[in-house]
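So you can see what is in the structure, the chains are spelled out below.
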Amino acid sequence: MSEPEKKEVSDKEKETAKQDEKEKDTAQGGKKTPVSGKAKPGSGKRSGTPSKGNKGAAEKGRSTPKGNAKSKTKEDVKAPTPDPTGETEEEEEGLPEGCVPLFMSAKSQEIFSCVCDTDVTEENPIKVIMKADIMEDFRNRAAVCDFHPVKQEVQDFPSDEIVIVYDPDFKFGQNFYIAVTEDAKEKILNPFGPEGEGGEGGEKEEEVVYKYIPPESKDWVSHGSEKEIKEENVVENRRRIKISARRIRKEFGAPCNFQDRNVADAKDAYVECTAYEDRTFELKKVELDKSIQAVPELTEQGTNTDWRYPRNANTQYYPREFSDKEKETVEKSNDLQTFTKDMVPRFELALQQNEIMDVFFIDWLHLGDADGSFGNKADNHLKEYQSFTDLQFSKDRTITAIQWHPTIKGVVAVAVAEKLSFDERIDNCAKVIMTPSLILIWSFTDPIHPQLLLEAPDDIYSFQFSPSDPNIICGGCYNGQVVLWDISAHADRLKQQRGSNRNKKSNVLPGFEDPNALKTPVVRYCAVSSIENSHRAAITDIQWVPDHMELNRMGVPQENKSLQACQIMSCATDYCVLVWDTRPVKGPGQLITAKETDKGPKNPIGVPNTFKHLDLSWKPILKVALHKSEPGGDHSPTKFTIQERQGDRGTLGKATDGTDLSKEAAMGGGYYTKPGSGKDKRTLQSVKTHFYVGTEDGEIVYVDWMPQKDQDTGKIQTPKPDFYHAIHDGPVNTLQRSPFFKDVVLCIGGWTFTLWKETVNSGPILQSAASTVKLSAGHWSPSRPGVFYIAKVDGSVDVWDLLDKTHEPCMTQNVSPVPITSLYPFPVSQKQHLMAVGDNAGTLHILEIPWSLRQPTANEYTGISNYFEREVKRRAFVVSRWDFREIEKRELEQEHKRKMGIAPNVQLTEEEIEYRQKQEYAAYLDEENTFLRELGLKDDDEPLPET
């Protein structure tokens with residue numbers, strides 16, 4: 001471009017800039033803004049004009065939240081820059097019109113973001129504050145607010161923005177002054193010279209030359225937006241699924257023919273993924289406030305929460321209230337006023353004490369916490385002692401039952417089963433059959449490998465050591481069969497010390513060691529019941545009959561002279577409880593010792609012949625059928641408990657001295673199979689033949705196992721239950737008698753637990769409130785009468801102490817991340833009690849019980865006994881109130897009938913009955929004649945027939 005052309009373009013740009021400046025002055029009402037930075041001094045204010053950027057910042061500051069002084073959306077209004085040539089001077093004429101001096105403390109400067117020499121300076125003294133922020137400060141600080149001297153002016157100010165100006169030299173007496181009028185505010189924000197008003201006397205505008213300055217790149221500053229963008233991005237959080245599609249080579253390039261088909265015709269053509277409730281991800285309310293108020297309104301119907309076994313229940317109160325006259329009399333009485341005057345000082349003192357210290361703090365319970373003595377806080381929780389799990393046999397399985405070895409310390413047996421439902425077992429029957437069903441016997445000497453593996457025909461859900469011979473074990477299978485094991489050959493293995501069975505060096509030559517010496521031996525069952533005579537459902541509970549008694553085929557308890565446990569009781573959900581006898585049915589009995597067993601013939605796999613006479617031919621000797629009292633089905637038992645316990649031989653009267661026992665039996669080296677004669681056996685009259693049964697529907701049944709002759713059919717069968725209560729909202733999983741009170745029973749089912757006393761038939765003596773988590777197992781403490789433990793499906797264990805609290809557990813401790821299926825506390829020694837806890841993942845946790853939970857308190861037995869007696873009396877009072885309410889209800893009904901004119905039932909004589917019948921017949925004839933006359937079939941004059 002040539003020089004003349006460049007000059008011409010420059011001239012055009014100048015003309016355009018001048019024209020834009022004139023239009024801007026015209027739009028502002030004739031007010032001209034100096035371009036060169038020179039300004040005429042105003043009246044009592046700093047000269048200069050705020051730049052466009054400052055004005056824009058002031059406008060932005062109107063809509064920003066208070067307190068954000070450093071944000072970009074709210075900036076300080078900058079004062080006009082003074083002329084560098086010194087032509088403008090500040091006038092000393094005094095305070096501007098419409099302004100008031102104001103002192104602002106450091107606290108107020110921080111509140112309104114106008115800190116001296118930081119937010120407002122001598123070059124930038126103007127600050128815009130929102131009126132709403134000042135009013136908020138009035139409400140917060142009242143007279144302490146620095147704006148209190150001009151409170152009325154601030155309230156009457158018409159605009160939402162108030163301007164204050166920083167006075168660093170205290171020219172007007174304070175460090176700030178405030179504009180209390182709209183004109184003063186405009187003059188501060190938009191100052192102008194005296195000649196600029198008319199437009200004629202103003203200075204000549206200088207020409208402004210606009211020069212293009214290219215933008216410069218700056219470093220990028222992060223404000224957090226890249227994090228939001230990154231969070232919105234879709235990121236793969238799992239591995240991609242690889243799919244391989246194959247096709248026969250000869251079909252490459254061949255046309256495809258698609259057709260419709262029914263998904264039901266082809267296998268695996270359609271898989272339905274239905275939604276199910278997962279308790280792992282279910283949210284629970286941690287705390288919930290509830291209130292109850294007694295009101296006169298009546299409720300006709302109600303419903304409980306949505307539980308698996310809902311039970312409708314409602315409670316209604318009739319409040320007793322004084323009449324208005326009685327209330328007025330009481331309020332005006334002198335006794336009430338005197339009582340109020342006397343109690344007010346004591347009430348105020350109690351409130352003061354509550355604020356000063358905790359008056360309910362029990363110093364005795366916390367005595368000695370600082371010392372290392374027994375009973376401190378560190379000794380009040382269950383400690384993890386050891387845990388057992390096997391990666392091959394117990395992993396991904398559930399523990400169904402736990403039993404401690406009765407005589408060998410540190411040995412515990414657990415039964416594991418597949419976590420499959422009935423339908424899943426049917427679908428995976430091939431896999432279930434090939435998977436061995438085992439009972440693992442663990443020892444503290446080897447926490448990695450089990451000592452013995454007891455093989456069973458199906459999963460075991462309940463088993464128990466024999467009380468007289470711990471080498472004999474009985475178990476109940478999932479298919480309903482009863483199984484017996486004899487581990488006499490492996491008893492020495494369980495008694496070995498730590499590591500002796502694996503680190504023991506053999507004396508044989510090198511290279512001739514037995515490779516199976518370090519393997520865990522598998523013990524096969526030596527007897528199993530016949531499938532035809534077994535239960536029709538999974539055996540959920542099995543127990544040995546105490547060794548001092550036995551039952552005959554009529555259920556009569558008799559004396560067992562051999563003092564060897566020989567009978568077993570089992571229950572399943574097939575509506576019955578069976579009694580099994582391990583002795584041979586016919587023929588002379590024989591004593592099979594360990595030596596004779598070694599000499600005698602064995603099965604090909606080395607199973608002992610202890611119960612060879614029972615294998616596959618074992619039948620129960622007594623069947624207890626659980627019929628309901630009213631027609632409509634039977635009870636499905638899951639747990640049962642009898643009153644007789646092992647070792648309690650008080651029912652024998654004169655105890656036998658054991659002279660008829662052989663030396664081998666007395667030494668515990670053999671097992672008796674001789675049934676004995678029924679003639680020389682005494683009947684135990686004091687044995688209670690009634691027992692408790694817990695059912696699958698949450699019912700508690702009290703029934704007699706002795707069959708009786710039915711009056712209707714004449715058959716000898718189990719009598720109907722004495723009573724049963726459907727009180728639990730889930731299947732009963734625990735039914736156990738207290739080791740200190742044999743007539744007190746702990747029952748756990750669903751979300752609640754109950755305590756029953758054998759002489760009370762109307763209901764439980766103690767019933768807990770519904771827990772937020774389902775209860776899975778429970779057990780009495782073996783050393784403290786008032787303590788029992790309850791396991792829950794969330795992996796925690798509740799410790800209940802009836803001496804401490806009866807409405808909530810005294811302690812709750814998490815044990816496992818998966819549901820707990822069973823637990824069993826056991827006194828290993830006088831100074832050590834352990835609790836075995838099995839979970840749903842196949843892990844056996846051994847917990848050490850603290851001293852406070854294993855050492856009974858003074859007179860604890862007496863206190864618990866008195867508590868049970870009080871509950872029995874309370875239950876009797878409840879029953880009497882039920883009877884009283886029933887009688888009262890009948891009386892009210894009779895009174896209601898009397899008022900309605902309905903006479904009560906009375907015995908009429910024959911003459912009165914005949915007279916009433918004639919009256920009714922005469923009324924019938926009148927009605928008949930009236931009907932015939934209306935139809936025209938009879939004349940009105942025709943006489944009526946005589947009655």
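Residue numbers restart at each chain and count upward from 1, following the sequence in its written direction. In keeping with the predicted nature of the model, local features appear solely for residues at pLDDT of at least 70, side-chain atom pairs appear and are counted solely at 80 or more, and the whole-chain, interface and lining totals rest on all residues. The side-chain numbers reported here are obtained from all heavy atoms of the structure, hydrogens and water having been left aside.

**Re the overall build of the protein**
Alright, step 1. In this description a helix means any DSSP run of H or I spanning at least four residues, a strand means any run of E spanning at least two, and both kinds are numbered starting from the N terminus. Secondary structure assignment for the protein yields 18 helices and 39 strands.
Alright, step 2. Taking the intrachain contacts of the protein between residues at least 6 apart in sequence as the baseline, contacts between residues at least 24 apart amount to 63%.
Alright, step 3. We get accessible surface area from the Shrake-Rupley algorithm with a probe of 1.4 Å; when it comes to residues, only the shown protein chains can shield them. Surface summary for the protein: the accessible area is close to 61400 Å², and the carbon and sulfur share equals 52%. In what follows, a contact means two residues having at least one pair of non-hydrogen atoms within 4.5 Å.

**Section: the packing of aromatic side chains**
In this description, an aromatic ring pair is defined by two values, namely the gap between the centres and the angle between the planes.
Alright, step 1. Pairs were defined over the aromatic rings of Phe, Tyr and Trp, the Trp ring being its six-membered one, requiring ring centres within 6.5 Å. Orientation was assigned from the angle between planes: stacked under 30 degrees, edge-to-face over 60, tilted for the rest. Applying the stated rule across the entire model yields 22 aromatic pairs.
Alright, step 2. Relative to Tyr-702, the ring of Tyr-692 has its centre 4.8 Å away and its plane inclined at 50°; by these criteria the two rings are tilted. With Tyr-692 in strand β24 (residues 690–695) and Tyr-702 in strand β25 (residues 699–704), this residue pair connects regions lying 10 residues apart in the sequence. A single burial state applies to Tyr-692 and to Tyr-702, both of which are buried.
Alright, step 3. Seen in terms of ring centroids, Phe-788 and Trp-800 are 6.3 Å apart; in terms of plane orientation they differ by 5°. Their pairing is stacked. Note on classification: 1.4 Å probe, protein chains only; a residue is buried when its accessible area is under 20% of the maximum for its type, exposed when over 50%, partly exposed between these limits.

**Remarks on the pairing of strand β7 (residues 411–417)**
Alright, step 1. When you tally the buried positions in β7, you get seven out of seven residues, the bulk of the element.
Alright, step 2. A two-sided burial pattern is seen for β7, the buried positions comprising Val-411, Ala-413, Ala-415 and Ala-417 on one face and Val-412, Val-414 and Val-416 on the other.
Alright, step 3. Only strands that DSSP links by at least two bridges are regarded as paired with each other. Judged from the six bridges that link them, strand β6 (residues 398–404) and β7 form a sheet pairing that is antiparallel. Bridged to Gln-403 within β7 is Ala-413.
Alright, step 4. If you look at the hairpin formed by β6 and β7, you'll find six residues sitting between the two strands, and Gly-410 has a positive phi there, around 80°.
Alright, step 5. Note: β7 against strand β8 (residues 437–443), five bridges, orientation antiparallel. Considered in β8, the bridge of Val-412 is made with Trp-442.

**Here's the deal with the sheet that holds β8**
Alright, step 1. Strand order in this open sheet of five strands is β6-β7-β8-β9-β13, and the pairing throughout is mixed. Each edge of the sheet is formed by a strand with only one pairing partner; in this case those strands are β6 and β13 (522–524). Adjacent strand axes in the sheet meet at a mean angle of 25°, parallel and antiparallel pairs treated alike.
Alright, step 2. Looking at chain direction, strand β9 (residues 452–456) and β13 are connected through three bridges and run parallel. Its bridge partner being in β13, Leu-453 is matched across the sheet by Val-522. Each axis is a line fitted through C-alpha atoms, and for a helix only the stretch in contact is used; angles between axes span 0 to 180 degrees, taken between their N-to-C directions.

**A closer look at the sheet that holds strand β5 (residues 383–388)**
Alright, step 1. Taken together, four strands build an open sheet; the order of strands is β5-β39-β38-β37 and the sheet is antiparallel. A strand with exactly one partner marks an edge of an open sheet, and here the two such strands are β5 and β37 (820–829). Each strand of the sheet is rotated relative to its neighbour by a mean of 25°, with strand direction disregarded.
Alright, step 2. Pairing of β37 with strand β38 (residues 832–839), which is carried by eight bridges, proceeds in the antiparallel orientation. Residue pairing across strands places Ser-822 opposite Gly-838, the latter belonging to β38.

**Thoughts on a nonpolar patch on the surface**
Alright, step 1. Patch membership needs two things, relative accessible area over 30% and no salt bridge, and members are linked within 9 Å if like-charged or within 5 Å if nonpolar (Val, Leu, Ile, Met, Phe, Trp, Tyr). By convention in these notes, a salt bridge is any Lys or Arg side-chain nitrogen within 4 Å of a carboxyl oxygen on Asp or Glu. On the surface, Ile-356, Met-357, Val-359 and Phe-360 cluster together into a nonpolar patch covering about 490 Å² of accessible area.
Alright, step 2. By the element assignment, Phe-360 lies in the loop between α9 (334–356) and β5.
Alright, step 3. On the accessibility criterion, Phe-360 (67% relative accessible area) is exposed.

**Considerations on the confidence of the model for the protein**
Alright, step 1. Per-residue confidence for the protein gives a mean pLDDT of 77; residues scoring 70 or more make up 74%.
Alright, step 2. Note that residues 501–514 has pLDDT below 50 and, in this model, 12 contacts with residues that lie over four places away or in other chains.
Alright, step 3. Within the model, pLDDT remains below 50 along residues 654–677, and this stretch shows 43 contacts once partners closer than five positions in the same chain are excluded. pLDDT is a residue-level measure of predictor confidence that goes from 0 to 100.

**Some details on a negative patch on the surface**
Alright, step 1. In this charge count, Lys and Arg are treated as positive and Asp and Glu as negative; neither His nor the chain ends contribute. Think of each charge as sitting on NZ of Lys, CZ of Arg, CG of Asp or CD of Glu. A surface patch of negative charge is lined by Asp-117, Glu-122, Glu-123 and Asp-169.
Alright, step 2. Relative to the helices and strands, Asp-117 resides in the loop between α3 (106–111) and β2 (126–130).

**Structural notes on the pattern of salt bridges**
Alright, step 1. Taken as a whole and assessed by the stated rule, the structure comprises 19 salt bridges.
Alright, step 2. The salt bridge partner of Asp-137 is Arg-141, with a shortest N-O separation of 3.0 Å. With Asp-137 and Arg-141 both in helix α4 (residues 131–141) and four residues apart, the pair spans about one turn of that helix. In terms of burial, Asp-137 and Arg-141 fall into one category: buried.
Alright, step 3. Two residues, Lys-757 and Asp-743, come together in a salt bridge whose shortest N-O distance is 2.8 Å. Taken together, the residues span a long stretch of sequence, with Lys-757 in strand β31 (residues 752–757) and Asp-743 in the loop between β29 (732–737) and β30 (744–749) at a distance of 14 residues.
Alright, step 4. Its relative accessible area of 15% is what places Lys-757 among the buried residues.

**Regarding the side chain of Thr-400**
Alright, step 1. Tracing the backbone through its elements, the reader meets Thr-400 in strand β6.
Alright, step 2. Judged by its relative accessible area of 17%, Thr-400 is buried.
Alright, step 3. Within 3.5 Å is the distance limit for a polar contact, defined as a pair of N or O atoms, with the added protein rule that one can donate a hydrogen and the other accept it, and that residues adjacent in sequence qualify only through two side-chain atoms. A polar side-chain atom of Thr-400 sits 2.7 Å from the main-chain carbonyl oxygen of Ile-460.
Alright, step 4. Discounting chain neighbours no more than four positions away, the residues touching Thr-400 are Ala-415, Val-416, Ala-417, Ile-460, Tyr-461 and Ser-822.

**Let's talk about the environment of Tyr-478**
Alright, step 1. Assignment of secondary structure puts Tyr-478 in the loop between β11 (472–477) and β12 (482–486).
Alright, step 2. Measuring from C-alpha to C-alpha, the distance between Tyr-478 and Arg-536 comes to 9.5 Å, with 58 residues separating the pair along the chain.
Alright, step 3. The contact partners of Tyr-478, leaving out residues within four places of it in the chain, are Phe-422, Arg-425, Asp-458, Asp-459, Tyr-461, Ala-537 and Ala-538.

**Description of unusual backbone geometry**
Alright, step 1. The phi angle at Leu-563 is positive, at roughly 55°, despite the residue not being glycine.
Alright, step 2. With respect to the element layout, Leu-563 can be found in the loop between β17 (557–559) and β18 (567–572).
Alright, step 3. Although it is not a glycine, Leu-616 adopts a positive phi angle of roughly 65°.
Alright, step 4. Along the chain, Leu-616 turns up in the loop between α14 (594–599) and β21 (620–625).
Alright, step 5. For Leu-616, a relative accessible area of 59% translates into the label exposed.

**Some details on the nonpolar core**
Alright, step 1. Think of a nonpolar core as a cluster: buried Ala, Val, Leu, Ile, Met, Phe, Trp, Tyr and Cys residues, connected wherever their side-chain atoms sit within 4.5 Å. Ile-439, Ile-441, Leu-454, Ile-460, Phe-463, Trp-485 and Ile-487 are the most contacted members of the largest nonpolar core, which totals 22 residues.
Alright, step 2. Contributions of two or more residues to this core are made by β7, β8, β9, β10 (460–465), β11 and β12.

**Here we look at the side chain of Asp-547**
Alright, step 1. Secondary-structure assignment places Asp-547 in the loop between β15 (539–544) and β16 (549–551).
Alright, step 2. Take Asp-547: its relative accessible area is 3%, and that puts it in the buried class.
Alright, step 3. Here the side chain of Asp-547 touches Gln-646 through a polar contact of 2.7 Å, side chain to side chain.
Alright, step 4. Setting aside residues no more than four positions away along its own chain, Asp-547 makes contact with Ser-468, Asn-560, Leu-563, Gln-564, Ala-565, Gln-646 and Arg-649.

**Description of helix α18 (residues 910–935)**
Alright, step 1. Helix length check: α18 (26 residues) gives 38 Å between terminal C-alpha atoms against 38 Å at 1.5 Å per residue, within 8%.
Alright, step 2. The first or second residue beyond α18 is Gly-936, which carries a positive phi of 80°. By this rule, a helix spans an expected 1.5 Å times one less than how many residues it contains.

**What about the state of the cysteines?**
Alright, step 1. What counts as a disulfide here is a pair of cysteine sulfur atoms lying within 2.5 Å. For the structure shown, the criterion picks out zero disulfides.
Alright, step 2. This cysteine, Cys-576, is not joined by any disulfide, and Cys-571 carries the nearest cysteine sulfur, 9.0 Å off.
Alright, step 3. The class of Cys-576 is buried, set by a relative accessible area of 3%.

**What to know about the environment of Gln-386**
Alright, step 1. By secondary structure assignment, the location of Gln-386 is in strand β5.
Alright, step 2. The spatial distance from the C-alpha of Gln-386 to the C-alpha of Ala-836 is 9.5 Å, given a sequence separation of 450 residues.

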